[in-house]
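Chain and residue survey
Okay, here's what each chain looks like letter by letter:
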Amino acid sequence: MRQNGPHLEYQVNIIFDTRDNIYVARVPELENCHSHGKTPEEALVNAKEAVELWIETATKRRIPI
């Protein structure tokens with residue numbers, strides 16, 4: 001996954017959650033950064049947004065990325 005601005009790439013792991021019938025996308029390099037969707041593609045799009053929000057929040061709080 002690429003991030004706008006400085007060139008950043010993150011691994012995204014997508015698994016199917018049989019209990020909730022959704023695809024869960026986790027970004028292991030960013031603590032508690034995850035999202036979900038009805039399809040793997042939707043989960044990936046949502047994960048990109050989660051990464052952007054995670055980085056924005058970390059920057060505001062001066063948390064090292």
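Predicted model, so just to flag it, every value in this text is computed and none were measured. (Residues numbered from 1 in each chain as written. Predicted model: local features only at pLDDT ≥ 70, side-chain atom pairs only at ≥ 80, totals over all residues. Heavy atoms only, no water.)

**Remarks on the overall build of the protein**
Worth spelling out the cut-off: A helix here means a DSSP run of H or I that spans at least four residues, while a strand means a run of E at least two residues long, and both kinds are numbered starting from the N terminus. Think of it in three bands: with a 1.4 Å probe and only protein chains considered, a residue is buried below 20% of the maximum accessible area for its type, exposed above 50%, and partly exposed in between. Only the protein chains shown count as cover for residues, with accessible areas throughout obtained via the Shrake-Rupley method and a probe of 1.4 Å.
Helix and strand counts for the protein stand at one helix and five strands. Written out in order from the N terminus, the α and β elements of the protein read β-β-β-β-β-α. Taking all 65 residues of the protein together, the buried fraction comes to 26%. As displayed, the protein has an accessible area near 5000 Å², and 50% of this comes from carbon and sulfur atoms.

**Focus: the side chain of Ser35**
Our working rule: Every residue pair with non-hydrogen atoms within 4.5 Å of one another is taken to be in contact.
Summarising the element assignment, Ser35 is placed in strand S5 (residues 34-37). Other than its neighbours up to four places away in sequence, Ser35 contacts Tyr23, Val24, Ala25, Asn46, Ala47 and Ala50.

**Section: the sheet that holds S5**
Heads up, the rule is: Any two strands with at least two DSSP bridges between them are considered paired. Fitting a line to C-alpha atoms yields each axis, with helices limited to the stretch in contact; the angle taken between N-to-C directions then spans 0 to 180 degrees.
The antiparallel open sheet is built from three strands, whose spatial order is S3-S4-S5. Whereas interior strands pair on both sides, the edge strands pair on one side only; in this sheet they are strand S3 (13-17) and S5. Recorded for the sheet is a direction-independent mean angle of 25 degrees between the axes of neighbouring strands. Sheet analysis places S3 next to strand S4 (residues 22-26), joined by five bridges and oriented antiparallel. Bridge pairing links Asp17 to Ile22 in S4. Strands in contact with helix H1 (residues 40-60) are S3, S4 and S5; relative to S5, the strand with the most contacts, it is inclined by about 150 degrees.

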